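Fold and contact review
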Amino acid sequence: MNISKTGACMDFRNYKDSDFKELITLLKINNSFDKMTDSRKIFKALVKQNPEAIILAVEGKKLAGYVFAIYTPFESYIHHLGVAPEFRKQGIGSMLLARAEKALKCKGAKRADLFVSSKNCPALGFYKKKKWAWLERVLVMEKEL
Ligand SMILES: CC(C)(COP(=O)(O)OP(=O)(O)OC[C@H]1O[C@@H](n2cnc3c(N)ncnc32)[C@H](O)[C@@H]1OP(=O)(O)O)[C@@H](O)C(=O)NCCC(=O)NCCS
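Sequence positions are assigned chain by chain, starting from 1 and proceeding in written order. Owing to the predicted nature of the model, reporting of local features is limited to residues with pLDDT of at least 70; listing and counting of side-chain atom pairs is limited to 80 or more, with chain, interface and lining totals taken over all residues.

The next thing to look at is the overall build of the chain. Helical segments are the DSSP runs of H or I of at least four residues, strand segments are the runs of E of at least two, and each set is numbered from the N terminus. Secondary structure summary: the chain contains 4 helices and 5 strands in total. Atoms counted for the radius of gyration: C-alpha only. Globule rule: 2.2 Å times the number of residues to the power 0.38. For a compact globule of 145 residues, the expected C-alpha radius of gyration is about 15 Å, and the chain comes in at 15 Å, within 12% of that figure. Counting only C-alpha atoms, the chain reaches 40 × 35 × 30 Å along its principal axes. Long-range pairs, those at least 24 residues apart, make up 56% of the contacts in the chain between residues at least 6 apart in sequence. For the purpose of contact definition, each residue receives a C-beta atom placed from its backbone, and two residues are in contact when these atoms lie within 7 Å.

All residues are tested the same way: a C-beta atom is placed from the backbone, and lying within 6 Å of a molecule or strand makes the residue near it. Taken together, 19 residues form the shell around the ligand, and within it R88, G93, S94, P122 and G125 come nearest. Broken down by secondary-structure element, the contributors of at least two residues to the shell around the ligand are β5 (77-83), α3 (92-107) and α4 (121-129). Here the shell around the ligand takes 5 residues from α4, the largest share from any one element.

Turning our attention to the environment of L56. Within the secondary structure, L56 sits in strand β3 (residues 54-59). Exposure in this text rests on C-beta crowding, where 20 or more other C-beta atoms within 10 Å of a residue's own make it buried, 12 or fewer make it exposed, and counts in between make it partly exposed. The C-beta atoms are placed from the backbone. Of the residues examined, L56 has 20 C-beta atoms within 10 Å and is grouped as buried. The spacing of L56 and M10 is 46 residues in sequence and 9.8 Å in space, taken between C-alpha atoms. Residues in contact with L56, not counting those within four places in the same chain, are R13, Y15, D19, L63 and Y66.

Of note, the phi angle at H80 is positive, near 55 degrees, even though the residue is not glycine. Within the element layout of this structure, H80 appears in strand β5. Phi angles above zero are rare outside glycine, and K131 is one such case at about 70 degrees. Within the secondary structure, K131 sits in the segment after α4. Residue class for K131 comes out exposed when judged on the 6 C-beta atoms lying within 10 Å of it.

All we've got here are geometric facts, nothing functional implied.
Here is the structure:
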């Protein structure tokens, strides 16, 4: 249990299948839903392989935030970090990110990457405060398969 900056009692726990609907609702509210990857089947497979891959922040029964900590032996990623609008600016995003970084470190990751839209100024400001830096030397390339 952690107390947010405004005194909310926040629990952090691993995602389970029964969280699916609420998680999808919050991903949609945060404009982060990706219909290609955000499916019950994919989430199930992800947490079967690594139970700490999806970490949730909950206040009572209410979902306040989420983060995906994707470990691979090659690259590791922070994916889909988000906090419900009414819970923002209380330190919950920071706590989720710290937990995800720790989970990846425990798996053996030496560094992690994340993708964030260059237009998402709030998130860029947030990550900068958390000592994440953008890589000038890398361009992201993509192809529809
Ligand atoms: C980005 C996000 C996760 C931050 O969550 P949060 O719980 O509000 O963040 P915190 O309260 O832990 O804030 C941590 C620090 O970042 C700063 N910060 C948070 N939101 C900010 C914003 N909109 N603009 C500037 N700074 C911001 C806070 O001021 C705080 O700084 P401090 O420690 O000096 O006080 C949240 O705004 C969000 O869910 N956004 C929508 C989803 C999204 O864009 N996710 C990232 C893309 S992957």
